[in-house]
Amino acid sequence: DTAVSQTPKYLVTQMGNDKSIKCEQNLGHDTMYWYKQDSKKFLKIMFSYNNKELIINETVPNRFSPKSPDKAHLNLHINSLELGDSAVYFCASSQIGQSGYTFGSGTRLTVV
Amino acid sequence: TQLLEQSPQFLSIQEGENLTVYCNSSSVFSSLQWYRQEPGEGPVLLVTVVTGGEVKKLKRLTFQFGDARKDSSLHITAAQPGDTGLYLCAAANDYKLSFGAGTTVTVRA
């Protein structure tokens, strides 16, 4: 049973398109995140949601819109994709008061 | 300027050798976490260090938290090819986890 699952694993799309990535966690955690890992492997926080409420928006372009329908799901919609959006996007979850994040296996987005 | 500085950036060693990865900052942390990431996967938590001067062992991996809680190290004894991966230190605060740039470790058979 996968703890944090995200789909799709790979996404290849043309510039200007709109795409979505879905994430679900079955750990009962109250906080979920989106991270972006660039070509140099640096992991940077994009968004943080606690109990469906947006807590952190780390200077991400407003083409990126997260949505949390419930505390087990956090989706990421990206409008008007640009070449620079190519990266691996990771969903993660954690529980306040407990250390450690659990990450999904990532979505490799390639914009051509 | 990154909150956490990791060194070295790359490390390539022969099976059986030892290695150490460093994570440094000018900030004081209540705790630091270490993760390992393998190709095509997300980071996986290895350990959390909380107390200044703390040493934690996980089989052949030894983690140390500096006395002043500003730095940490990861030492691997008798490295094996299965230890190959990207090692990341991270600090948690204010609903986010901030990562160092990572150390890519390659253990050659």
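Keep in mind it's a predicted model, so treat the numbers as computed, not measured. Starting from 1, residues in each chain are numbered consecutively following that chain's sequence as written. Written order determines the labels here, with chains lettered from A and ligands numbered from 1. Totals for whole chains, interfaces and linings use all residues, but because this is a predicted model, local features are given only for residues with pLDDT of at least 70 and pairs of side-chain atoms are given and counted only at 80 or more. For side-chain calculations, the full set of non-hydrogen atoms in the structure is used, while hydrogens and water are omitted.

Colleague: I tried to follow the overall build of chain B on my own but got confused; where do I start?
Modeller: A count of helices and strands for chain B gives zero helices and eleven strands. Helices (α) and strands (β) of chain B occur, in sequence order from the N terminus, as β-β-β-β-β-β-β-β-β-β-β. For 109 residues, the compact-globule formula gives about 13 Å, and the C-alpha radius of gyration of chain B, at 13 Å, lands near that figure. Taken over the C-alpha atoms alone, chain B extends approximately 40 × 30 × 20 Å along its principal axes. Exposure categories follow from relative accessible area, calculated using a 1.4 Å probe and restricted to protein chains: below 20% of the type maximum is buried, above 50% is exposed, and the middle band is partly exposed. For chain B, the proportion of its 109 residues judged to be buried stands at 46%. Whether two residues are in contact is decided by their heavy atoms, any of which lying within 4.5 Å being enough. When contacts within chain B are restricted to residue pairs at least 6 apart in sequence, long-range pairs at least 24 apart make up 52% of them. When the accessible surface of chain B is split by element, carbon and sulfur atoms take 50% of a total near 5200 Å². Residues counted as positive are Lys and Arg, residues counted as negative are Asp and Glu, and His and the chain ends are not counted. Note that the charge is assigned to NZ on lysines, CZ on arginines, CG on aspartates and CD on glutamates. Computed over 9 positive and 10 negative side-chain charges, the separation of the two mean positions in chain B equals 3 Å. Only DSSP runs of H or I reaching four residues or more are called helices, and only runs of E reaching two or more are called strands; each is numbered from the N terminus. Atoms considered for the radius of gyration are the C-alpha atoms alone. The globule rule reads 2.2 Å times the number of residues to the power 0.38. Surface accessibility follows the Shrake-Rupley procedure with a 1.4 Å probe radius. Residue values consider only the protein chains on display as shielding.

Colleague: What exactly am I supposed to notice about the pattern of salt bridges here?
Modeller: Side chains that differ in sign of charge can pair as their charged atoms come close. Salt bridge criterion: a side-chain nitrogen from Lys or Arg within 4 Å of a carboxyl oxygen from Asp or Glu. Here the structure, examined in full by the defined rule, presents six salt bridges over all chains. As a salt-bridge pair, Asp83 of chain B and Arg60 of chain B come within 2.8 Å of each other at their nearest N and O atoms. Of this pair, Asp83 of chain B sits in the loop between strand S8 (71-76) and strand S9 (85-93) while Arg60 of chain B is found in the loop between strand S6 (55-58) and strand S7 (61-65), placing the two residues 23 residues apart along the sequence. By relative accessible area, Asp83 of chain B is classed as buried at 4%. Each of Arg63, Glu82 and Asp85 of chain A takes part in a single network of salt bridges with overlapping partners.

Colleague: Is there a simple way to explain a nonpolar patch on the surface in this structure?
Modeller: Patch construction takes residues with relative accessible area above 30% that form no salt bridge. Like charges are linked within 9 Å, and nonpolar side chains (Val, Leu, Ile, Met, Phe, Trp, Tyr) are linked within 5 Å. Among the surface-exposed residues, Ile55 and Ile96 of chain A together with Tyr95 of chain B lie close enough to one another that they form a single nonpolar patch of about 250 Å² accessible area. For Ile55 of chain A, the position within the fold is in strand S6 (residues 53-57).

Colleague: What is the right way to read the interface of chain B and chain A from this model?
Modeller: A common way to report how large an interface is uses the accessible area buried once the components associate. Each partner contributes to the interface: chain B provides 19 residues, whereas chain A provides 23 residues. When the area that chain B buries against chain A is broken down by residue, the three leading residues are Tyr95, Lys96 and Phe99 of chain B, summing to 38%. Our enumeration of links across chain B and chain A arrives at one salt bridge. Its salt-bridge partner being Lys96 of chain B, residue Glu58 of chain A comes within 2.8 Å of it at the nearest N-O pair. In protein, a polar contact requires one atom able to donate a hydrogen and another able to accept it; more generally it is a pair of N or O atoms within 3.5 Å, and residues adjacent in sequence count only if both atoms are side-chain atoms. Summed over the shared surface of chain B and chain A, the number is seven residue pairs in polar contact (both at pLDDT 80 or more). Secondary structure elements with two or more residues in the side of chain B that touches chain A: strand S4 (32-37), strand S5 (44-49), S9 and strand S10 (96-99) of chain B. The term buried area denotes the loss of accessible surface (1.4 Å probe radius) that occurs when two parts are joined, taken as the sum for both partners.

Colleague: Sorry, what's going on with the state of the cysteines here?
Modeller: Between two cysteines, a covalent bond joining their sulfur atoms is known as a disulfide. The disulfide criterion used throughout: a pair of cysteine sulfur atoms within 2.5 Å. Throughout the structure, instances matching the rule amount to two disulfides over all chains. One disulfide bridge connects Cys23 of chain A with Cys91 of chain A, the sulfur atoms lying 1.9 Å from each other. With the S-S dihedral at roughly -80°, the linkage between Cys23 of chain A and Cys91 of chain A falls on the left-handed side. With Cys23 of chain A in strand S3 (residues 19-25) and Cys91 of chain A in strand S9 (residues 87-94), this residue pair connects regions lying 68 residues apart in the sequence. Judged on exposure class, the residue Cys23 of chain A and its partner Cys91 of chain A are both buried. Note that Cys23 of chain B is cross-linked by a disulfide to Cys89 of chain B, the S-S spacing being 2.0 Å. Where Cys23 of chain B bonds to Cys89 of chain B through sulfur, the torsion about that S-S bond is close to 75°, and the disulfide is right-handed.

Colleague: Looking at this structure, how should I read the nonpolar core?
Modeller: As a rule of thumb, soluble globular proteins bury nonpolar side chains together. Leu19, Trp34, Phe63 and Leu74 of chain B are the most contacted members of the largest nonpolar core, which totals 23 residues. Put simply, the parts of the chain that give this core at least two residues each are strand S2 (10-14), strand S3 (19-24), S4, S5, S7, S8, S9 and strand S11 (103-108) of chain B. Residues in contact with Leu74 of chain B, not counting those within four places in the same chain, are Leu19, Thr20, Val21, Trp34, Leu61, Thr62, Phe63 and Tyr87 of chain B. Counting residues in hydrophobic clusters, the runner-up holds 20 residues, among them Cys23, Trp34, Phe64 and Ile78 of chain A. For this analysis, a nonpolar core means a set of buried residues of the types Ala, Val, Leu, Ile, Met, Phe, Trp, Tyr and Cys, connected via side-chain atoms within 4.5 Å.

Colleague: Before we go on, may I ask you to explain the packing of aromatic side chains in this structure?
Modeller: In this description, a pair of aromatic rings is defined by centroid distance and the angle of the planes. Pairing of aromatic side chains requires ring centres within 6.5 Å, counting the rings of Phe and Tyr and the six-membered ring of Trp. Pairs whose planes differ by under 30 degrees are stacked, by over 60 edge-to-face, and all others tilted. For the coordinates displayed, the defined rule picks out eleven aromatic pairs over all chains. Linked through ring pairs, Tyr33, Tyr35, Phe90, Tyr101 and Phe103 of chain A together with Tyr35 and Phe99 of chain B together constitute an aromatic cluster.

Colleague: Would you mind going over the sheet that holds S7 of chain B with me for this structure?
Modeller: Strand-to-strand pairing in sheets goes through backbone hydrogen bonds, with the strands running parallel or antiparallel. Residues and elements named next belong to chain B. The five strands lie next to each other as S1-S3-S8-S7-S6, forming an open sheet whose pairing is antiparallel. Strand pairing shows two members of the sheet lacking a second neighbour, strand S1 (5-7) and S6, which therefore form its edges. Neighbouring strand axes in the sheet, compared pairwise and without regard to direction, differ in orientation by 15° on average. Bridging between S3 and S8 involves six bridges; their strand directions are antiparallel. If you follow Cys23 over to S8, its bridge partner there is Ser72. By the convention used here, strands pair only if DSSP detects at least 2 bridges between them. Interaxial angles span 0 to 180 degrees and are taken between N-to-C directions of axes, which are lines fitted to C-alpha atoms, for helices over the stretch in contact.

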